[in-house]
Amino acid sequence: MKDSIGFEASSGTRTDQDRASLAGTPAPRLMRAAVLHDVARMDVRNVPRPDPGPRDVLVRVSAVGLCGTDFHIFAGHANYQTDRRGRQIPLPEAPQILGHEIAGTVMEVGREVHDLAPGDAVVLDQGLNCSSAGRDPQCEYCATGDSHQCEHYAEHGITGPPGGFADMITVPAANTVRIAGDLSPEQSALAEPLGCIVHSSEMIARARARYPLGRAGEAHGVRSILICGGGPAGLLFVQYLRNVLGYEGLLLVSEPNARRRALAERFGAETVDPSSTDIVEAIAERTKGRRAELLLECTGSGALFKQIPALVRKQATVVMYGHGHTGVELGVMNNLQFMEPTLVSPAGASGGHDATGRPLTYARALGLVESGAIDVQSLITHRYRSLDSVPAAFAGDHRLPDYVKGVVVL
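For the structure given in this document, a descriptive report is provided here. Because the structure is a prediction, the values reported are computed rather than measured.

### Brief notes about the pairing of strand β16 (residues 380-384)
Next up, step 1: By the criterion of burial, β16 is predominantly enclosed, with four of the five residues buried.
Next up, step 2: Note that β16 and strand β17 (residues 405-409) share four bridges and pair parallel. By the bridge assignment, H382 is partnered in β17 with G406.

Shown next, in the form of C-alpha cells:
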C-alpha cells in the first residue's frame, strides 16, 4: 500500500512497477530510503527515485551526518513541516526522509548544468532559496545574504523535501559545492554543521552587544565565554573560536560526558562537569565572580533556561543555538529578560552566494575542514554502513556514553 506522498509500504502488496507493467507504461525508477512515518516510527521502504530537472543534479548519497535536529524530529519534539498558514502537518499525513548533512557523488546533471559532471564529489546546501530557483529579483532575505530565511524557503530533510537518508537525492546544481581535496565523505558531510557555526558566529558579530565577539582578525570585547553542551556543535564552536576567530580569553564548556570534556580540553577549552559540580558556583569561581559575558546554548535542554540568569552577566549575549527545549513553560525566561540580554537565534548555515549562485557559508566551512583548521574526524564515533541501520541509529545510540557524532556512510 502506498501512503499519501508515494512511499511504498514494506508489505507484500502490488508496487508501482507491477501496476506499470500491467498497464504497459514505463515503470518508475525506485530507490530505498529510511522513512519517518510517525513519531519514533521509521522503516526502510522503496520510494520513487527523483529525476533531475533542467537546473538540477541527481546525487548518489555517500555520507549523512546524524544531527540533533533529526533526533528532535524523530522523537516528536519538533516538526518543521507546515502548511501555507504555518500550521504543523502531522507525520502520518506527510512522512519524511530525514538527513540534511549530506555529501555525495553527482550521477546525472540537468541539461542546463554545465559546471558539474557525473563523478564530481560534492557537499549539499539543503536549503532551497532564491538562488536555488534562479529567482530574479531575489527576496529581501536572500538579497541580504540570509538565505535560510528566504521568503520561499524549504529545506531537504527538515521542512518536507526528502533528505539524505536515501540512495539518492535531487537538488538544484546551485546547492552543491564541489569537494576539491581528498576528504572522506564522512568528513565532507560535516561541512554542514560547521557551516552552522560559521553563520552563528557571523550573527553574533552583527549583534550590537555590550560584550562583542568580532570576526576573524578583529578585536574581541568579550572576556569570558560559556558553552553549554559539549556535543558536536559545542566542540565545533570551541575550535572555531580558538582556531579561526583567534579568541584567547576564558572559554568554558559545561558537559557531563567525560569523552566530550576531553575533546573540549584538547581543542582549547576549560571544562566543568555539571553532573558532579554546582555549575553556578563553578562558573562564578572560574570568572572571578563576573559570570559569563557570552553564553552559547548548545544542548536543546529547556531546563537549562532556569539556570542561565545565574550563569551570565547583565546584558550578556545569549545564543540560542540548540533546538528542542521541551518540558518547561515560557515563564523560565522571566529572570533572563530582566537582565536585558542580547538574544541571538541563528538557524542553519545561512549566508550569501557567489557569482554562480553557490552558498558561500558551505564553501568556507568545507575549506576550513580541507585546510585542517577544524578537526571533524575526531568527533565521529559511530558509523552506520547501510540504510537498514538508520532506524536502529535513532533508537538510542546517541545516549551511549561513548557517543559524540554518528554518520551514515553508504
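Having seen the structure, we can now continue with the description.
### What about the sheet that holds strand β15 (residues 342-344)?
Next up, step 1: Read across the open sheet, the six strands follow the order β12-β11-β10-β13-β14-β15; overall the sheet is parallel. Both edges of this open sheet fall to β12 (270-272) and β15, since each of them pairs with a single strand only. The sheet shows a mean angle of 20° between the axes of neighbouring strands, taken without regard to direction.
Next up, step 2: Relative to strand β11 (residues 250-254), strand β10 (residues 224-228) is paired through five bridges, and the arrangement is parallel. Following the sheet pairing, L226 is matched in β11 by L252.
Next up, step 3: Here helix α7 (residues 232-244) sits on the sheet and contacts β10, β11 and β13 (292-297); the angle it forms with β10, its principal contact strand, is near 160°.

### Description of the side chain of T170
Next up, step 1: Mapped onto the elements of the fold, T170 is located in strand β8 (residues 168-172).
Next up, step 2: At 3.1 Å, the side chain of T170 and the backbone oxygen of P50 are in polar contact.
Next up, step 3: Look past the residues within four positions of T170 in its chain and what remains in contact with it is P50, D51, P52, D56, V57, L58 and H156.

### Considering the packing of aromatic side chains
Next up, step 1: Tallying each qualifying case throughout the model produces four aromatic pairs.
Next up, step 2: Between F237 and Y321, the ring centres sit 5.4 Å apart and the planes meet at 80°, which makes this aromatic pair edge-to-face. Here F237 is found in helix α7, whereas its partner Y321 is found in the loop between β14 (312-320) and α11 (334-337), with 84 residues between them in sequence. In this structure, F237 and Y321 share a single accessibility class: buried.
Next up, step 3: Ring pairs connect the aromatic residues F71, F74, F165 and F394, which therefore count as one cluster.

### Brief notes about the pattern of salt bridges
Next up, step 1: Counting across every chain of the model gives 18 salt bridges.
Next up, step 2: For E108, the salt bridge goes to R29, with nearest N and O atoms at 3.4 Å. One end of the pair, E108, is in strand β4 (residues 101-109); the other, R29, is in the loop between α1 (16-23) and β1 (30-38), and 79 residues separate them in sequence.
Next up, step 3: Taking the relative accessible area as the measure of exposure, R29 reaches 37% and is therefore partly exposed.
Next up, step 4: Measuring nitrogen to oxygen at the nearest pair gives 2.7 Å for the salt bridge that ties D115 to R358. With D115 in the loop between β4 and β5 (121-124) and R358 in the loop between β15 and α12 (360-371), this residue pair connects regions lying 243 residues apart in the sequence.
Next up, step 5: You can call R358 buried: its relative accessible area is 11%.
Next up, step 6: Through salt bridges with shared partners, a single network forms among R29, R49, D51 and E108.

### As for the pairing of β13
For a regular strand, the rule is simple: side chains alternate between the two faces of the sheet.
Next up, step 1: Counting buried residues along β13, six of its six residues qualify, which places the element largely inside the surrounding structure.
Next up, step 2: By the bridge criterion, four bridges tie β10 to β13 in an arrangement that is parallel. Residue C228 lies in a different strand from β13, and its bridge partner there is E297.

### Let's talk about helix α9 (residues 279-286)
Structurally, the α-helix is built with 3.6 residues per turn, so residues lying three or four positions apart point the same way.
Next up, step 1: Within the span of α9, buried status applies to I279, A282 and I283. Buried residues in α9, looked at end-on, bunch into an arc of 95°, giving them a common side. Exposed side chains of α9 directed beyond 90 degrees from the buried face belong to E281 and E285.
Next up, step 2: Here the buried face of α9 lies against β10, β11, β12, β13 and α10 (308-311).
Next up, step 3: Among the residues of α9, the N-terminal cap falls to D278, whose side-chain oxygen and the backbone nitrogen of V280 are separated by 3.0 Å.
Next up, step 4: Of the residues flanking the end of α9, it is K288, one or two places downstream, whose phi is positive at about 55°.

### Re the packing of helix α6 (residues 191-206) against α12
In a pair of packed helices, the angle between the axes and the distance between the axes together describe the arrangement.
Next up, step 1: Running from amino to carboxyl end, α6 crosses α12 at an angle of 115°, the nearest separation of the two axes being 8 Å. Viewed along their axes, α6 and α12 adopt a mutual orientation that is roughly perpendicular. The crossing of α6 and α12 is right-handed. Across from A191, E192, L194, G195, V198 and H199 in α6, the residues of α12 making contact are T361, Y362, R364, A365, L366, L368 and V369.
Next up, step 2: Split by residue class, the contact of α6 with α12 holds eight nonpolar, three polar and two charged.

### Considerations on the nonpolar core
Next up, step 1: Within the largest apolar cluster, 55 residues are counted, with the highest numbers of intra-cluster contacts made by L194, I225, I227, L241 and L296.
Next up, step 2: Of all the elements in the fold, those that place two or more residues in this core are α6, β10, α7, β11, α8 (258-266), β13, α12 and β17.
Next up, step 3: Tallying contributions element by element places α7 first for this core, with eight residues.
Next up, step 4: Among all residues touching L241, those that are not within four sequence positions of it are L213, I225, I227, G246, Y247, L251 and L296.
Next up, step 5: V64, I73, I169 and V408 belong to the second-largest nonpolar core, a separate cluster that totals 40 residues.

About the thresholds
- Residues numbered from 1 in each chain as written.
- Predicted model: local features only at pLDDT ≥ 70, side-chain atom pairs only at ≥ 80, totals over all residues.
- Heavy atoms only, no water.
- Buried < 20%, exposed > 50% of the residue type's maximum accessible area, 1.4 Å probe, protein only.
- Helix = DSSP H or I, 4+ residues; strand = E, 2+ residues; numbered from the N terminus.
- Pairing = 2+ DSSP bridges.
- Axes fitted to C-alpha atoms, helices over the stretch in contact; angles between N-to-C directions.
- Contact = heavy atoms within 4.5 Å.
- Polar contact = N/O pair within 3.5 Å; in protein donor to acceptor, adjacent residues only side chain to side chain.
- Phe/Tyr/Trp six-rings, centres within 6.5 Å; stacked < 30°, edge-to-face > 60°.
- Salt bridge = Lys/Arg side-chain N within 4 Å of Asp/Glu carboxyl O.
- Arc of directions from axis to C-beta.
- Parallel < 35°, antiparallel > 145°, perpendicular 65-115°, else oblique.
- Left-handed = near helix turned anticlockwise from the far one by under 90°.
- Nonpolar A, V, L, I, M, F, W, Y, C, P; charged D, E, K, R; others polar.
- Core = buried A, V, L, I, M, F, W, Y, C linked by side-chain atoms within 4.5 Å.

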